[in-house]
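Chain and residue survey
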Amino acid sequence: MIDLHCHILPGIDDGAKDVSVSLAMAKASVAQGVTVVACTPHITPGLYHNSGPAIRQATQQLQAIFDQEGIPLQLVAGADVHMTPDFVVGIRSGRLLSLADSRYVLVEPPHHIAPPQLEEFFFSLVVAGYVPILTHPERLSWVPSRYEMIKRLVQGGVWMQITAGSFAGAFGSNALYWAERMLDEGCVHLLASDAHDAQRRPPNLAEGREIVAKRVGAEEAQRLVLTRPMGILKDQTPSSLPGPVGVANVKSVSSLRAEDRRLASSPASRSGGARDGVRGVAGRLRRLFK
Ligand SMILES: [Fe+2]
């Protein structure tokens, strides 16, 4: 597997606080079958003043330590880049980083306020030749009220990265609901750990892959953690990579919502018997509202 979102670099953001934590994260990643990790510290104006050159240097230094310790993990440089108005200029100048110098770049929007002109921002990146990857949409508090826009972004070439832990309920019932719903509806391109340490937010890509495989099948799960990430490392065009596959019988958003309501109020749903049809919808709703 390839983990393209991980705060493994020591001491430069709210991720690994020192090298011992980085080593523990690396060992945990290797133990579950991860061979490549992208070092993606925050670049957030006013909070984490990381820059491209410093991240590249820190990545090389950590790689040297892993090599010395005999840890078979390859690191590539990247960043978890907060939305800023001068994003394209920043990427082109090297101040901001894409993933492994590819056309694919992680974009972290504000968690609690939907920025005005969000679509324009993302499409300006697409027009500039990049493939923006919106990080953890399932955890953004404004996504429920802007879900149609998220779907338009997907249709317009923006990729979505879900956090592996969200599928295990690590970020609560709302994040679980939106992770499952986006997956079911074929709106998820990548799964990543977004690990910050070895305990509280550990590398857990294997667990996420297993849960996802039960929902959309092993083949699509593998695409989320290997095929598309590998394509990113090789800087392949999005059109040359397999698109997301959701649950085959999932319906349109509006009909799904109507179905959600019907299933949630049905006796079969309450007894846990509504497993066919729109898979898992009733379960998602129960968890959301409990
Ligand atoms: Fe992150």
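Residues numbered from 1 in each chain as written. Predicted model: local features only at pLDDT ≥ 70, side-chain atom pairs only at ≥ 80, totals over all residues.

A count of helices and strands for the protein gives twelve helices and nine strands. When burial is assessed residue by residue, the protein has 42% of its 290 residues classed as buried. Across the protein, contacts joining residues at least 24 apart in sequence account for 72% of those joining residues at least 6 apart. (Helix = DSSP H or I, 4+ residues; strand = E, 2+ residues; numbered from the N terminus. Buried ≥ 20, exposed ≤ 12 C-beta atoms within 10 Å, placed from the backbone. Contact = placed C-beta atoms within 7 Å.)

Before going further, it helps to spend a moment on the pairing of strand β7 (residues 131-135). Of all five residues in β7, five are buried; the element is thus mostly enclosed. Here β7 shows two buried faces, one formed by V131, I133 and T135 and the other by P132 and L134. Across four bridges, strand β6 (residues 104-108) lies against β7 in parallel orientation. By the bridge assignment, Y104 is partnered in β7 with V131. The parallel pair β6 and β7 is bridged by helix α4 (residues 118-127), and the resulting crossover is right-handed. (Pairing = 2+ DSSP bridges. Right-handed = clockwise from strand over helix to strand, strands pointing away.)

All right, on to the environment of L134 then. Relative to the helices and strands, L134 is located in strand β7. Judged by local crowding, L134 falls into the buried class, with 23 C-beta atoms found within 10 Å. Taking C-alpha positions, L134 is 7.5 Å from P109, a pair spaced 25 residues apart along the chain. Beyond its immediate chain neighbours, meaning those up to four positions away, L134 contacts V107, P109, L153, V158, M160 and Q161.

Once that is clear, we can look at helix α8 (residues 205-216). For α8, spanning twelve residues, the distance from its first C-alpha to its last is 16 Å, which sits close to the expected 16 Å at 1.5 Å a residue. For α8, the complete set of buried residues consists of L205, G208, R209, I211, V212 and V216. Down the axis, α8 shows its buried residues gathered within 170° of arc, on one side only. Buried residues in α8 make contact with β1 (2-6), α6 (164-167), α7 (172-184), β9 (190-192) and α9 (218-233). At the C-terminal side of α8, G217 shows a positive phi close to 100°. (Expected span 1.5 Å × (residues − 1). Arc of directions from axis to C-beta.)

The next point concerns the sheet that holds strand β4 (residues 74-77). Across a sheet, paired strands are connected by hydrogen bonds in the backbone, their directions being either parallel or antiparallel. Strand order in this open sheet of three strands is β1-β2-β4, and the pairing throughout is parallel. Two strands bound the open sheet, and with one partner strand each, they are β1 and β4. In this sheet, neighbouring strand axes are inclined to one another by 25° on average, regardless of whether the strands run parallel or antiparallel. (Axes fitted to C-alpha atoms, helices over the stretch in contact; angles between N-to-C directions.)

With that out of the way, let us pick up α7. Taking 1.5 Å per residue as the helical rise, α7 with its 13 residues ought to reach 18 Å, and the 18 Å between its terminal C-alpha atoms agrees with that figure. Burial analysis of α7 places ten of its 13 residues in the buried class, the great majority of the element. Those residues of α7 lying buried are A175, L176, Y177, W178, A179, E180, R181, M182, L183 and D184. G186, located one to two residues past α7, shows a positive phi value of around 70°.

Right, let's talk about the packing of α8 against α9 for a bit. For any two helices packed against each other, the geometry comes down to the angle between their axes and how far apart the axes lie. Taken N-terminus to C-terminus, the directions of α8 and α9 make an angle of 145°; their axes are 7 Å apart at the nearest point. Two packed elements cross with a definite hand, and for α8 against α9 that hand is right-handed. Of the residues in α9, those touching α8 at L205, R209, V212, A213 and V216 are A218, E220, A221, L224 and V225. Along the lines of polarity and charge, the residues of the contact of α8 with α9 split into eight nonpolar, no polar and two charged. (Left-handed = near helix turned anticlockwise from the far one by under 90°. Nonpolar A, V, L, I, M, F, W, Y, C, P; charged D, E, K, R; others polar.)

Read across the open sheet, the six strands follow the order β3-β5-β6-β7-β8-β9; overall the sheet is parallel. In the strand order of this sheet, the two ends are held by β3 (42-43) and β9, each with one partner. Where strand β8 (residues 159-163) lies against β9, three bridges are found, and the strand directions are parallel. Bridge pairing links I162 to L191 in β9.

Turning to unusual backbone geometry, a few remarks are in order. Not every positive phi belongs to a glycine, and D101 is a case in point at roughly 60°. Its location among the elements puts D101 in the loop between α3 (87-93) and β6. D101 gets classed as partly exposed once you count the C-beta atoms within 10 Å, which come to 15. Even without a glycine there, the phi angle at D194 is positive, about 50°.

Low-pLDDT stretches of the model should not have their predicted coordinates read in fine detail. Looking at the protein, the pLDDT average stands at 88 and 85% of residues meet or exceed 70. Confidence drops under pLDDT 50 across residues 252-279; counting only partners more than four residues distant or on other chains, this segment forms 30 contacts. (pLDDT = per-residue confidence, 0-100.)

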